[in-house]
Amino acid sequence: MSFASEASEEVPPLDLNELLAYFLKQSGPLFDQLGIKRDVCDKLVESLCSKRKDHFACDPLSTSESSSFRNDNTCDELDLRIASVLQSTGHHYEGGFWDDGQKYDVADKRHVAIVTTASLPWMTGTAVNPLFRAAYLAKSSKQYVTLMVPWLCKSDQELVYPNNMTFSSPEDQETYIRNWLEERVGFKTDFRISFYPGKFQKERRSIIPAGDTSQFIPSKEADIAILEEPEHLNWYHHGKRWTDKFNHVVGVVHTNYLEYIKREKNGAIQAFFVKHINNLVARAYCHKVLRLSGATQDLARSMICNVHGVNPKFLEVGERIAAERESGEQSMSKGAYFLGKMVWAKGYRELIDLLAKHKTDLDGFKLDVYGNGEDSVEVQSAAKKLDLNLNFHKGRDHADDSLHGYKVFVNPSISDVLCTATAEALAMGKFVVCADHPSNDFFRSFPNCLTYTTSEDFVAKVKEAMTRDPQPLTPEQRYNLSWEAATQRFMEHSELDKVLSSNGDSASTSGSSVDRRMKKSASLPNMSDIVDGGLAFAHYCFTGSELLRLSTGAVPGTLNYNKQHSVDMHLLPPQVQNPVYGW
């Protein structure tokens, strides 16, 4: 205790302004949920701190030591001041109500679990992209990788998977997934595929987890989690908090849910609630959130970065077509096309409106449309009624040989977050005509990407694309579209590279730049952690009520997996918690 008394004589105690400033700073997460802009809080903190700026110099560290930890940021200086005072008293914060100290003990090789909301043969972004991510993360052999996908009972498989395809067991579906993937990446994949129980929701065309997904990952392997669509996975999550069980949790936001919901009946009201729920689950369940583009909701702890690549087969097609053009062959003899699931929200409304408005300006322009979907009858009926020059075809894989000859891909959709088909068309060396929209920001650097701002501009860009040839991709542009580049971007922006090299000390990757010897997280309680824990607890209580779940659109009976899941996946009855098939 003598150290505390000696040090306390050198460090002035905190005054009221400093305590109030720190309280406001730590209350940022609460202000976020209340809709109060963060810059208002920051200005108040700066104002309070400026009144005692001279006191920040009173540090127990020497001038030479403290200079290496200080910067001009008021918040960092306040953190250092608080930590200095607490250190001088000998106080050490041991953790609070919301903390869970029992986490995965880092071994020589780390474990990465990628949890997603869909699986092949459903050709949707959250089935395909996490699959490629698992393959390329495992390719380095620096960490164990497990991809967790939903298992649907046969009745749901019939509603979701194309061409009446069904699987009698998880093992059969895993074989199909691996064969599909290895045919495209060209190497033997070295990661594990495991299944968790899921239930298909017809109204939202989505798969909802049945039961606590986190319980299917054993604690001995619960190290790093990548949640593909963290909002979707956690809307009705009732179980272990991901950030309590895992050392580092990264969310990857794929879908602009608010845009889709606003198009529904009472969409504005629904979007209001979904916006706040999405922010809650992102804050309560993730350490870091990556948004594929600015078209997504701005979530807590999030940043924008495209961490998706294209199937290597598309880059091979692009290289082949470029070589054929150099030799004088006419590789792109067809005109323009659009490819996408035939639902209004996927750009069909925008497409029909543009073509109808400028039917005269685009006289002679023909567009082939490829797609299947719930709105196919309505879409085709609307096009026929307006006498538009659209030729409709059944949906097909974008890599199909019949599509290689097209020169222009037209994509007017503004509901996408980052359109995979746009990236694939660019990889094949085609022109892409798309809207000037945040979802297309990543593609602007490619000379073959022609963006439009008005309907008149759309006509100009279509005519430009139809009258000249696209430029061949440079090696750098091909690399930027690849999964190798996407994996590198993911490692960097998710801070996974730092986590994997830090021997499990994830705090070192997310802490402040001030004195590492003064671990703030070990020196004083963090209001942000308390708020996050409170939000997680409230969400846990809410999702534990079947009545409340159903009132917000949950699939009945998804609080636990059902008897058929138990049979298919060799699980004990749902009331008995037991690791899932494959673990």
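I will try to describe carefully the structure that is included in this document. (Residues numbered from 1 in each chain as written. Predicted model: local features only at pLDDT ≥ 70, side-chain atom pairs only at ≥ 80, totals over all residues. Heavy atoms only, no water.)

Attention now goes to the overall build of the protein. Within the protein one finds 26 helices and 14 strands. By residue count, 54% of the 583 residues in the protein fall in the buried class. Of all intrachain contacts in the protein linking residues separated by at least 6 positions in sequence, the fraction that spans at least 24 positions is 71%. A total accessible area of about 26,400 Å² is found for the protein, and carbon and sulfur atoms account for 52% of it. (Helix = DSSP H or I, 4+ residues; strand = E, 2+ residues; numbered from the N terminus. Buried < 20%, exposed > 50% of the residue type's maximum accessible area, 1.4 Å probe, protein only. Contact = heavy atoms within 4.5 Å. Areas by Shrake-Rupley, 256 points an atom, 1.4 Å probe, with all protein chains shown as cover.)

On to the sheet that holds strand S6 (residues 248–253). With respect to topology, 8 strands assemble into an open sheet ordered S4-S3-S2-S1-S5-S6-S7-S8, the strand pairing being mixed. Only two strands of the sheet have a single partner each, and these edge strands are strand S4 (206–209) and strand S8 (302–304). Averaged over all pairs of adjacent strands, the angle between their axes in this sheet comes to 30°, without regard to strand direction. Examined bridge by bridge, strand S5 (residues 224–228) and S6 share 5 bridges and lie parallel to one another. Each bridged residue has a counterpart across the sheet, and for leucine 227 the counterpart in S6 is glycine 251. Contacting strand S1 (110–115), strand S2 (143–151), S5 and S6, helix H7 (residues 125–139) crosses the sheet at an angle of about 165° to S2. (Pairing = 2+ DSSP bridges. Axes fitted to C-alpha atoms, helices over the stretch in contact; angles between N-to-C directions.)

This paragraph deals with unusual backbone geometry. Between leucine 120 and proline 121 the backbone carries a cis peptide bond, its omega angle lying at 15°. Secondary-structure assignment places proline 121 in the loop between S1 and H7. In this model, asparagine 164 sits at a positive phi of 55°, which is unusual for a non-glycine residue. Relative to the elements of secondary structure, asparagine 164 occurs in the loop between helix H8 (154–160) and helix H9 (170–185). Assessed through its relative accessible area of 73%, asparagine 164 is described here as exposed. One non-glycine residue, aspartate 387, lies in positive phi territory at about 55°. With respect to the helices and strands, the residue aspartate 387 is situated in the loop between helix H16 (376–385) and strand S11 (390–393). Exposure remark for aspartate 387: the relative accessible area of 60% places this residue in the exposed category.

So, on to the pattern of salt bridges. This model, assessed by the stated rule, comprises 21 salt bridges. A salt bridge links arginine 205 to glutamate 374; its shortest N-O distance comes to 2.7 Å. Separated by 169 residues along the polypeptide, arginine 205 in the loop between strand S3 (192–201) and S4 and glutamate 374 in the loop between strand S10 (367–370) and H16 bring together distant segments of the chain. On the basis of relative accessibility, which here comes to 27%, the residue arginine 205 falls in the partly exposed class. Here glutamate 374 falls in the partly exposed class, since its relative accessible area comes to 43%. In this structure, arginine 444 and aspartate 436 form a salt bridge, with 2.4 Å as the shortest nitrogen-oxygen distance. The class of arginine 444 is partly exposed, set by a relative accessible area of 34%. Exposure remark for aspartate 436: the relative accessible area of 39% places this residue in the partly exposed category. Shared partners join several salt bridges into a network, and the residues in it are Glu183, Arg184 and Asp397. (Salt bridge = Lys/Arg side-chain N within 4 Å of Asp/Glu carboxyl O.)

Another point: helix H20 (residues 483–493). Listed in full, the buried residues belonging to H20 are Trp483, Ala485, Ala486, Thr487, Arg489, Phe490 and Met491. Here the buried face of H20 lies against H7, S5, S6, strand S7 (288–291), helix H19 (475–481) and helix H21 (496–500). Just downstream of H20, glutamate 495 is the residue with a positive phi angle, here 65°.

This part takes up the packing of helix H15 (residues 348–357) against helix H18 (residues 455–467). Contact geometry of H15 with H18 gives a least axis separation of 10 Å together with a crossing angle of 85°. In terms of orientation, H15 lies roughly perpendicular with respect to H18. When H15 is examined against H18, the residues Leu354, Leu355 and Lys357 are found in contact with a partner set consisting of Ser455, Glu456 and Phe458. (Parallel < 35°, antiparallel > 145°, perpendicular 65-115°, else oblique.)

Let's shift gears to the sheet that holds S11. Ordered in space as S11-S10-S9-S12-S13-S14, the 6 strands form an open sheet in which the pairing is parallel. Of all strands in the sheet, those with a lone pairing partner are S11 and strand S14 (449–452), marking the two edges. Ignoring which end each strand starts from, the neighbouring axes of this sheet average 25° apart. Relative to the sheet, H15 contacts strand S9 (334–339), S10, S11, strand S12 (406–411) and S14, its axis offset from that of S10 by approximately 165°. Sitting on the sheet, H18 touches S9, S12, strand S13 (431–435) and S14, and the angle it makes with S14 is about 160°.

By the secondary structure assignment, glutamate 456 is in helix H18. On the basis of relative accessibility, which here comes to 49%, the residue glutamate 456 falls in the partly exposed class. Along the primary structure glutamate 456 and aspartate 361 are separated by 95 residues, whereas in three dimensions their C-alpha atoms are 9.1 Å apart. A polar side-chain atom of glutamate 456 sits 3.3 Å from a polar atom in the side chain of serine 455. (Polar contact = N/O pair within 3.5 Å; in protein donor to acceptor, adjacent residues only side chain to side chain.)

Another point: the nonpolar core. By size, the foremost hydrophobic cluster in this structure holds 131 residues, and its most contacted members are Phe191, Trp242, Leu355, Leu367, Phe458, Leu481 and Phe490. With 9 residues, the top contributor of residues to this core is H7. For this core, the domains that each give at least three residues are domain 2 (111–309 + 528–569) and domain 3 (312–481). Sequence-distant contacts of leucine 367, defined by excluding residues within four places in its chain, comprise Ala336, Tyr337, Phe338, Leu351, Leu355, Asn389, Leu390, Asn391 and Val410. One finds Tyr236, Tyr257, Ile261 and Ala271 within the second-largest nonpolar core, a separate group that totals 10 residues. (Core = buried A, V, L, I, M, F, W, Y, C linked by side-chain atoms within 4.5 Å. Domains from an automatic or database assignment.)

Among the structural elements, glutamine 297 can be located in the loop between S7 and S8. Apart from residues no more than four positions distant in its own chain, glutamine 297 is found in contact with Leu258, Val274, Lys275, Asn278, Asn279 and Arg291.

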